[in-house]
Amino acid sequence: ITHIVLFKYRSSIPWSDLESHFSAFQTLQKKCLHPSTGKPYMLSMRMGKNRSWEPYSKGMTHGFVLEFANQEDLDYYLTRDLVHLDFSKNAGPLIEDSLVVDIASG
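Quick notes on the rules
- Residues numbered from 1 in each chain as written.
- Predicted model: local features only at pLDDT ≥ 70, side-chain atom pairs only at ≥ 80, totals over all residues.
- Heavy atoms only, no water.
- Phe/Tyr/Trp six-rings, centres within 6.5 Å; stacked < 30°, edge-to-face > 60°.
- Helix = DSSP H or I, 4+ residues; strand = E, 2+ residues; numbered from the N terminus.
- Buried < 20%, exposed > 50% of the residue type's maximum accessible area, 1.4 Å probe, protein only.
- Pairing = 2+ DSSP bridges.
- Axes fitted to C-alpha atoms, helices over the stretch in contact; angles between N-to-C directions.
- Contact = heavy atoms within 4.5 Å.
- UniProt positions renumbered as here; feature names shortened; annotations may be inferred.
- Patch = residues over 30% accessible without salt bridge, like charges linked within 9 Å, V, L, I, M, F, W, Y side chains within 5 Å.
- Areas by Shrake-Rupley, 256 points an atom, 1.4 Å probe, with all protein chains shown as cover.
- Salt bridge = Lys/Arg side-chain N within 4 Å of Asp/Glu carboxyl O.

(A) Expanded view of the packing of aromatic side chains. What the rule picks out here adds up to 10 aromatic pairs. On the basis of an interplanar angle of 55° and a centroid distance of 5.5 Å, the ring pair of Phe7 and Phe64 is categorised as tilted. Of this pair, Phe7 sits in strand E1 (residues 2-9) while Phe64 sits in strand E3 (residues 62-68); the two residues are 57 residues apart in sequence, bridging distant segments of the chain. The two residues Phe7 and Phe64 agree in class, both being buried. Between Tyr9 and Phe22 the ring centres are 5.6 Å apart and the planes differ by 85°, which places this aromatic pair in the edge-to-face class. Of this pair, Tyr9 sits in strand E1 while Phe22 sits in helix H1 (residues 15-31), placing them 13 residues apart in sequence. On the basis of relative accessible area, Phe22 is assigned to the buried category, the value being 13%. Chaining the aromatic ring pairs together yields one cluster made of Phe7, Tyr9, Trp15, Phe22, Phe25, Phe64 and Phe87.

Following this line, the structure appears as structure tokens:
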């Protein structure tokens, strides 16, 4: 399952706060552990600033692409993983708008 998240960050946020946020986001791949195995369950993560010159971004400034082995792992990440839930709570004030799309291969 591919979890795609697009954020528009508030323009008033200092760059140092965004750097801390991005650093914390990157650690999720290692800190989010499967409840049964105790091992990281996020397969991959890519992140970056929107570089498109096309006028269709709707103001989204950054994108994050996370890969999970199955829907159950993604659901755990979104609803029960305390590491992710804490990160999301702290990220909320930085984000002006967001868009999320989940896709499965095939």
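Structure's up, so let's keep going.
(B) How the structure looks around the sheet that holds strand E2 (residues 42-49). As summarised here, the arrangement of the 4 strands in space is E2-E3-E1-E4, forming an open sheet in which the pairing is antiparallel. The outermost strands of the open sheet, each flanked by one partner alone, are E2 and strand E4 (95-103). The mean angle between the axes of side-by-side strands here comes to 15°, regardless of whether they run parallel or antiparallel. Here E1 runs beside E4; their pairing, made up of 8 bridges, is antiparallel. The partner of Phe7 across the bridge, within E4, is Ser98. Strands in contact with helix H2 (residues 71-79) are E1, E2, E3 and E4; relative to E3, the strand with the most contacts, it is inclined by about 130°.

(C) Geometry of the pairing of E3. For E3, the tally of buried residues reaches 5 of 7 residues, placing the bulk of the element in the interior. By the bridge criterion, 6 bridges tie E1 to E3 in an arrangement that is antiparallel. Each bridged residue has a counterpart across the sheet, and for Phe7 the counterpart in E3 is His62. As judged from the 7 bridges shared by E2 and E3, these two strands associate in the antiparallel manner. Bridging across to E3, Met47 finds its partner in Phe64.

(D) Spatial organisation of the UniProt feature "domain: Stress-response A/B barrel" (unreviewed entry) in the protein chain. Per the UniProt record, "domain: Stress-response A/B barrel" (unreviewed entry) is annotated on residues 1-103. For the annotated span residues 1-103, helix accounts for 35% and strand for 31% of the residues, and the straight-line distance between the end C-alpha atoms is 6 Å.

(E) Spatial organisation of a nonpolar patch on the surface. On the surface, Leu99, Val101 and Ile103 cluster together into a nonpolar patch covering about 230 Å² of accessible area. Residue classification places Ile103 among the partly exposed residues on the basis of a relative accessible area of 43%.

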